[in-house]
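Read off the chains here:
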Amino acid sequence: MSKKALITGINGQDGSYLAEFLLDKGYEVHGTLKRNSVAENQTARIDNIFNDVKLYYADVTDIASLYKVVNKVKPDEIYNLAAQSHVRISFDQPLYTAQATGLSVLNMLEVVKEVSPHTRVYQASSSEMFGNSIDNDNFQRETTPLNPVSPYGCAKVYGYNIARNYRNSYGMFVSNGILFNHESPRRGTNFVTNKVVKEAVKIKNGLSKGLYLGNLSAARDWGHAKDYVRAMHMILQLDQPDDFVCATGISHTVKDLCEYVFSKLGMNYETYIDIDAKFIRPEELYILRGDPTKLKQATGWEPEYTFETMLDEMINYWLNYYSK
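Let me sum up the structure you'll find in this document. (Residues numbered from 1 in each chain as written. Predicted model: local features only at pLDDT ≥ 70, side-chain atom pairs only at ≥ 80, totals over all residues. Heavy atoms only, no water.)

**Looking at the layout of surface pockets**
Stage number 1. Computed from the structure, the second largest pocket encloses a volume of approximately 280 Å³.
Stage number 2. A44, R45, N48, P185, R186, R187, G188, T189, Y317, W318 and Y321 together form the lining of the second largest pocket.
Stage number 3. The residue inventory of the lining of the second largest pocket, partitioned by class, reads five nonpolar, three polar and three charged. (1 Å grid on protein atoms, 1.4 Å probe; cavity = no way out; pocket = protein on both sides within 12 Å on 5 of 7 lines; lining within 4 Å. Points joined across faces, edges and corners; volume = space filled by probe spheres on them. Nonpolar A, V, L, I, M, F, W, Y, C, P; charged D, E, K, R; others polar.)

Written out as structure tokens, the structure is:
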């Protein structure tokens, strides 16, 4: 009998790649959607597998809706990915972020404890939890102190800690994946990577004249979402639940990102980019660089994409999009 997986936020970047990955492995895949008034855009990332997955409307802030879905599906694995996931926007919506990104984890764990305690749960934790804490070797790892600098990061810390608490208190199989930034052509275009790539291609095609950004010196450890959803699955196949950093171990600045993308398109980024204060965070996070040693040793995981090949894929996507 095939395993059953439930993915909250299946229509997001990670959820869509994970659903494809699990289907290829023979899983029966279920997923939750938060209702969107523009239904045409709601399942765009999963249109290619729409008939292969079972979908339910649910909201992670609404424990009754989670209860209904989990009780019906009784999944072998839950990948809890749904959240308010934009860091800058979390400053504008701190209360909602606390509910949708933090307390929502408690909702899911309570439901699993009561109606499906055998289920293995993957909790999507974040490198934003570290804030500007960094070890002496300039890496962040599972033992690095958590000192978040945004409402999003604070909410993720709560989700991370309550997941560990339920694991230890009730013997539940709950693992945290502390994922560093991961991108793809499916990334929302209000996130800096896809924003830069899309606008650069538009400028190349005469469809845009410039691009406004925030802190060009901010450095991030960027990987590809396809690699990271493989890690999610590997984490839940281990004999024991635990917490793992998933990262490439290499960081680049936003300036590096701009230089690479614009140069690939035969342009100088300095000609087209200006700074807009509205894109600068009230409290800045300067550098993220993860140490994935524990994950690699436990699972054998290795990323298949580099920073450059990831961006090349995103550039080609938008070139093809605008050529049509």
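**Here we look at the sheet that holds strand β6 (residues 174–179)**
Stage number 1. Reading across the sheet, the seven strands line up as β3-β2-β1-β4-β5-β6-β11 and stay open at both edges, with parallel pairing between neighbours. Here the strands that pair on one side only, and so sit at the sheet edges, are β3 (54–57) and β11 (243–246). Strand after strand, the sheet turns through a mean of 20° between neighbouring axes, direction not considered.
Stage number 2. Both strand β1 (residues 4–8) and strand β2 (residues 28–33) contribute to a ladder of five bridges, which runs parallel. When the sheet's bridge partners are listed, A5 is paired in β2 with V29. (Pairing = 2+ DSSP bridges. Helix = DSSP H or I, 4+ residues; strand = E, 2+ residues; numbered from the N terminus. Axes fitted to C-alpha atoms, helices over the stretch in contact; angles between N-to-C directions.)

**Here's the deal with the pattern of salt bridges**
Where charged atoms from two side chains of opposite charge come close, those side chains can pair.
Stage number 1. Per the counting criterion, the structure on display carries 16 salt bridges.
Stage number 2. For the salt bridge of D137 with R141, the shortest nitrogen-to-oxygen distance reads 2.8 Å.
Stage number 3. Residue classification places D137 among the partly exposed residues on the basis of a relative accessible area of 37%.
Stage number 4. A residue is classified by how much of its surface remains accessible, and R141, at 18% relative accessible area, is buried.
Stage number 5. Look at the salt bridges and you will find they share partners, linking D135, D137, R141 and D291 into a network. (Salt bridge = Lys/Arg side-chain N within 4 Å of Asp/Glu carboxyl O. Buried < 20%, exposed > 50% of the residue type's maximum accessible area, 1.4 Å probe, protein only.)

**Some details on helix α5 (residues 94–115)**
Stage number 1. For α5, built from 22 residues, the straight-helix expectation of 32 Å at 1.5 Å per residue is met to within 8% by its first-to-last C-alpha distance of 31 Å.
Stage number 2. At L103, α5 shows its maximal bend, which comes to roughly 40°.
Stage number 3. For α5, the full list of buried residues reads T97, A100, T101, G102, S104, V105, N107, M108, L109, V111, V112 and V115. (Expected span 1.5 Å × (residues − 1). Bend = angle between axes of the 7 residues up to and from the residue.)

**Quick word on the pairing of β6**
Stage number 1. Counting buried positions along β6 yields six of six residues, so the element is predominantly enclosed.
Stage number 2. Going residue by residue along β6, you find V174, N176 and I178 tucked away on one face and S175, G177 and L179 tucked away on the opposite face as well.
Stage number 3. Bridge analysis of strand β5 (residues 120–126) against β6 gives six bridges, and the strand direction is parallel. What sits directly across from S125, in β6, is I178.
Stage number 4. Considered for its hand, the β-α-β crossover made up of β5, helix α6 (residues 151–170) and β6 is right-handed. (Right-handed = clockwise from strand over helix to strand, strands pointing away.)

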